[in-house]
Structure formats: structure tokens, C-alpha cells
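# Chains, contacts and geometry: an overview
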Amino acid sequence: MPIEKVDGFYFHPTSRDRVLAQRHADPAKTPWTPLEKPLAQCKVTLVSTAGIFMKDDVSFDYEREHREGTWGDPTHREIPKTAGQHDVEYSHLHVDTSFLAEDRNVSWPVDIFLEFEREGKIGALADTLYSIMGYIPNFNPLVKRTAPLMIEKMKAEGVDAAFLYPV
Amino acid sequence: MPRAVFVQYPFGRQLGIVGDYVGQRRICEDMTALLEEAKAPNAYRHLPYEWPEPPETTKWRPDVPPPIFTVRQAKEGGHNLLDDFKDEERAAYTDAER
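Below or above, wherever it landed, is the structure these notes cover.

Rules of the game
Residues numbered from 1 in each chain as written. Chains lettered and ligands numbered in written order. Predicted model: local features only at pLDDT ≥ 70, side-chain atom pairs only at ≥ 80, totals over all residues. Heavy atoms only, no water. Contact = heavy atoms within 4.5 Å. Buried area = accessible area lost by both parts, 1.4 Å probe. Salt bridge = Lys/Arg side-chain N within 4 Å of Asp/Glu carboxyl O. Polar contact = N/O pair within 3.5 Å; in protein donor to acceptor, adjacent residues only side chain to side chain. Helix = DSSP H or I, 4+ residues; strand = E, 2+ residues; numbered from the N terminus.

## Overview of the interface of chain B and chain A
Taken together, the contact pairs 61 residues of chain B with 63 residues of chain A. Roughly 5,800 Å² of surface becomes buried between chain B and chain A when both sides are summed, with 61% attributable to carbon and sulfur atoms. Inspection of the region where chain B meets chain A yields three salt bridges. For Lys59(B), the salt bridge goes to Asp96(A), with nearest N and O atoms at 2.8 Å. The interface formed by chain B and chain A includes 22 residue pairs in polar contact (both at pLDDT 80 or more). Of all elements in the fold, only strand E1 (3–8), helix H1 (21–37), strand E2 (43–50) and helix H2 (67–74) of chain B reach the threshold of two or more residues within the side of chain B that touches chain A.

## Considerations on the side chain of Thr30(A)
Its location among the elements puts Thr30(A) in the loop between helix H1 (16–20) and strand E1 (43–48). In this structure the side chain of Thr30(A) is engaged in a polar contact, spanning 3.0 Å, whose partner is the backbone oxygen of Pro27(A). Here Asn42(B) takes part through its side chain, which lies 2.6 Å from a polar atom of the side chain of Thr30(A). In contact with Thr30(A), other than residues within four places in its own chain, are Met1(B), Pro2(B), Pro41(B) and Asn42(B).

Now the structure itself:
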């Protein structure tokens, strides 16, 4: 029986009450930017929440998260699109990242978008891809500081659209 | 989120199982299609694909529980994460700024 409506708590039913108790987004405030041209002419980028960072870059701050379990690093890391499967760490502490470490396309589809680029399905994959570490209980610094920094870089690279891959 | 596709797959493997490139690509194609087809905000699409394992036996949790797990265990009953925020910036965050 094909699924008609996704149950977001299917794999984590014990989180249902906790999540539903949080303030919901107001659909009337959802932002909107129309796609101005065909995807085949667009430069796109990818954003993951898997805590991905280059092996020669600075890790997300897990020392502080271990000291303060209710805190999560709200910063981001940039990953060149040329980075390979094993050039990065997949570091999110709240999900099993071993599958990503084995095959990044389970949630970080760089190879698929490089194929889209070769096929002309997208205009180009941007040189820079992005990751945050998705456990950010206080998302204010993410909204106020991190997102604008990512957007600034995306605009500088001429990005038309970003695909978000939460884990 | 202005546009989103939802899929009933486990945390950490939202595009499919390891090695299933065809299935992974199919969901990326669903995403690119929605980007081109959506004409207004709150454009959401639920994908019909079913995960091949029952949720009880699907591995998605890390072998070592995250720090918040210990925090929750230390407190009696449930608690609101928002109560634990120490970041003073949160106090200045209002609906008007969203």
C-alpha cells in the first residue's frame, strides 16, 4: 500500500508529544521566492544537517555539547563540490552516520547532482556546498548569523536554488 | 519551508538504503520536479515510497547516545527543551523577527 501521507514520527514515535508541544511555524509567514528560469539554467547547491566537514577543517563543537547537552553548534561548514566521499567527516551525534560514511548519497547526494549537472538537468552544481549540524535547540544564532553567511556566499557564487537535506 | 517533499524513511537515510542509487536519485528527481512545478509557498508533496524494514528493527540511532539523552534521563518525566536554553539571545527573539 503506497504511502499517501507521511508520518513524521514513524521511526521515532516517542518524540511525538515533545515535538508537537513546540511552537509551529505559521504557514502565512512562509517565505516565497519563485524560480525565475528553467532548472536546466540554474546553479544549485546542497545543504545538509549531517554535521559534515572537511577532514582538514575545524570540527563542529562537540566538546561544548558534551558539557551542555541542551546546546548544539549553530555554525556551518563549507564543502567543495570536488570533495569525495572520504574527504569529509559525517559527525552528527544524534543519528547513525555510518550509512553516510559508507554511501553519502543516502542523504548527501553529491554524486546524483554531479550527474544532474553532466546531463544538463541542472545548469550547474555550485562550487561550494554547505553543512550545518542539525541539533540546534536554540536556532536563533542559526537564523541570525549562520544562514545569512551561507546566503551571502551562495549569492556571490550565483546560486539560484538550494536543496536542503535534513538528517 | 516554501517547498518540501516528505518521505517516510529513517533519520540519516532520507534518500534510501546504501547502494540504492536508483532509489536515491528518484527522490532527488522528486525534489527538483517540485522546485520547478511549485507556484506558491507551502508546496508540500508526500512521496509514496515505503522503507523495506519495520520501524522497530530499522537502525537510525547512533551506538553512543547523544548528550541530551543523559540530560533527559537525569530529569524526572518529560521536560521542555526550551527551559534549558541559556543563550541570552533567545530572550530577544520575537515573532516579529521571524
